[in-house]
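Structural description and commentary
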Amino acid sequence: MQEMANVYFDGKHYQVPADLTIMTAMEYCGYQLKRGCGCRHGFCGACATVYRIVGENRPHFSLSCQTKVEDGMYIATLPFFPLNNKVYNIDEIKPTDNVMMEFFPEIYACVGCGACTKSCSRALNVMQYIAYAKRGDYEKCAHESFDCVACGICSARCPANISHNLVGLLARRLTGKYITPEANHNTERANAIAKGEFDKEMDEFIAKPKEELKELYDSREIEK
């Protein structure tokens, strides 16, 4: 017989196959997910979830599309979390020491509690990249926050009301525009494409059957 797990969605008890993710378990129970489901592959951050296991005191935070159910799991999905977003034109600002103070002054009220890091669904060192932002080290902040999917769990847990993912996003934009050396080979390739130098190859590629395209994708060389 298939192993089953006892789970609770918003306090209501269900038995579901133990090999399901939280998201697929909700659908197994009849929930129609019209929001908070996004890409379903852990990239969009839309399915932020809080759960607690019977017998444990602390809550856990995760993406429901990436987390398998456990027996005795009490689950609550998070609604959209409003962040303190700021409007700026990246062409009109520079990576100066005071740019974060201008747009996200709340980062300087960080008390170092670590709640953001402990709750991160991607296991990022969130408190560290906020520290880099405070010091004006935007390149390190960009690197440390690169895998952020903007689920908002860190901000929901922050006593200083910091919009962590937006701080990281600004650092990555500043780094990409002003700090990282320009990749000239990308410009050269874009110009070649615009001139039509790859039109023949693209036409041949598009004409390939679906199965051959899938095989090419699966066997592609992935740069480490």
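A few words on the overall build of the protein. Assigned secondary structure in the protein consists of ten helices and five strands. In summary, the protein has a C-alpha radius of gyration of 22 Å against a globular reference of 17 Å for 224 residues, an excess of more than 25%. With the C-alpha coordinates of the protein rotated into their principal frame, the extents come out at 60 × 55 × 30 Å. For the protein, the proportion of its 224 residues judged to be buried stands at 33%. In the protein, the proportion of contacts linking residues at least 24 apart, taken out of those at least 6 apart, comes to 57%. Approximately 14500 Å² of the protein is accessible, and the part contributed by carbon and sulfur atoms is 51%. Charged side chains in the protein number 26 positive and 29 negative. The centres of these two groups are separated by 6 Å.

Now for the nonpolar core. Grouped together as the largest cluster of nonpolar side chains are 26 residues, with contacts concentrated most on Met100, Phe104, Ile107, Val167 and Leu170. Within the residue set of this core, elements represented by two or more residues are α2 (99-103), α4 (126-135), α5 (138-144) and α7 (164-179). Setting aside residues no more than four positions away along its own chain, Leu170 makes contact with Tyr88, Ile90, Ile93, Met100, Phe103 and Phe104. In this structure, Ala5, Phe9, Met26 and Tyr51 belong to the second largest nonpolar core, which totals 14 residues.

So, about a negative patch on the surface. A cluster of like negative charges, contributed by Glu3, Asp19, Glu56, Glu70 and Asp71, occupies part of the molecular surface. Within the secondary structure, Glu70 sits in the loop between β4 (60-63) and β5 (73-77). A residue is classified by how much of its surface remains accessible, and Glu70, at 38% relative accessible area, is partly exposed.

The next point concerns the packing of α4 against α7. Relative to each other, α4 and α7 sit at 50°, their axes nearing to 10 Å. One way to sum up the angle between α4 and α7 is to call them oblique. For the pair α4 and α7, the crossing hand works out as left-handed. Residues Val126, Tyr129, Ile130 and Ala133 of α4 lie in contact with α7, whose contacting residues are His164, Asn165, Val167 and Gly168. Classifying every residue of the contact of α4 with α7 gives five nonpolar, three polar and no charged.

So, about the pairing of β5. The pairing of strand β1 (residues 4-9) with β5 spans three bridges and is classified as parallel. Following the sheet pairing, Tyr8 is matched in β5 by Tyr74. Pairing of strand β3 (residues 48-53) with β5 involves five bridges; the strand directions are antiparallel. Paired with Val50 across the bridge in β5 is Ala76.

Next up on the list: the sheet that holds β4. Overall, mixed pairing links the five strands, which are arranged β2-β1-β5-β3-β4 in an open sheet. At either end of the open sheet lies a strand with only one pairing partner, and these are β2 (12-17) and β4. For this sheet, the mean angle separating the axes of adjacent strands, direction not counted, is 35°.

Tallied over the full model, the rule gives two cavities of 30 Å³ or more. If you go around the largest cavity, you meet 14 residues; those closest to its centre are Cys120, Cys148, Ala150, Cys151 and Cys154. Broken down by class, the residue content of the lining of the largest cavity amounts to ten nonpolar, three polar and one charged. Of the volumes computed, that of the second largest cavity is approximately 70 Å³. Taken together, the residues of the lining of the second largest cavity break down into nine nonpolar, three polar and no charged.

Turning our attention to the pattern of salt bridges. Under the definition given, this model contains five salt bridges. As a salt-bridge pair, Lys177 and Asp91 come within 2.9 Å of each other at their nearest N and O atoms. Residue Lys177 is located in helix α7, and its partner Asp91 is located in the loop between β5 and α2; the two are separated by 86 residues in the primary sequence. Accessibility expressed as a relative area gives 49% for Asp91, which makes it partly exposed. One salt bridge connects Asp137 with Lys140, and the closest N-O pair in it is separated by 3.9 Å. Given a relative accessible area of 24%, Asp137 falls into the partly exposed group. Under the relative-accessibility criterion, Lys140 is labelled partly exposed at 44%.

How each quantity is defined
- Residues numbered from 1 in each chain as written.
- Predicted model: local features only at pLDDT ≥ 70, side-chain atom pairs only at ≥ 80, totals over all residues.
- Heavy atoms only, no water.
- Helix = DSSP H or I, 4+ residues; strand = E, 2+ residues; numbered from the N terminus.
- Rg over C-alpha atoms; globule rule 2.2 N^0.38 Å.
- Buried < 20%, exposed > 50% of the residue type's maximum accessible area, 1.4 Å probe, protein only.
- Contact = heavy atoms within 4.5 Å.
- Areas by Shrake-Rupley, 256 points an atom, 1.4 Å probe, with all protein chains shown as cover.
- Lys, Arg positive; Asp, Glu negative; His and termini not counted.
- Charge placed at Lys NZ, Arg CZ, Asp CG, Glu CD.
- Core = buried A, V, L, I, M, F, W, Y, C linked by side-chain atoms within 4.5 Å.
- Patch = residues over 30% accessible without salt bridge, like charges linked within 9 Å, V, L, I, M, F, W, Y side chains within 5 Å.
- Salt bridge = Lys/Arg side-chain N within 4 Å of Asp/Glu carboxyl O.
- Axes fitted to C-alpha atoms, helices over the stretch in contact; angles between N-to-C directions.
- Parallel < 35°, antiparallel > 145°, perpendicular 65-115°, else oblique.
- Left-handed = near helix turned anticlockwise from the far one by under 90°.
- Nonpolar A, V, L, I, M, F, W, Y, C, P; charged D, E, K, R; others polar.
- Pairing = 2+ DSSP bridges.
- 1 Å grid on protein atoms, 1.4 Å probe; cavity = no way out; pocket = protein on both sides within 12 Å on 5 of 7 lines; lining within 4 Å.
- Points joined across faces, edges and corners; volume = space filled by probe spheres on them.

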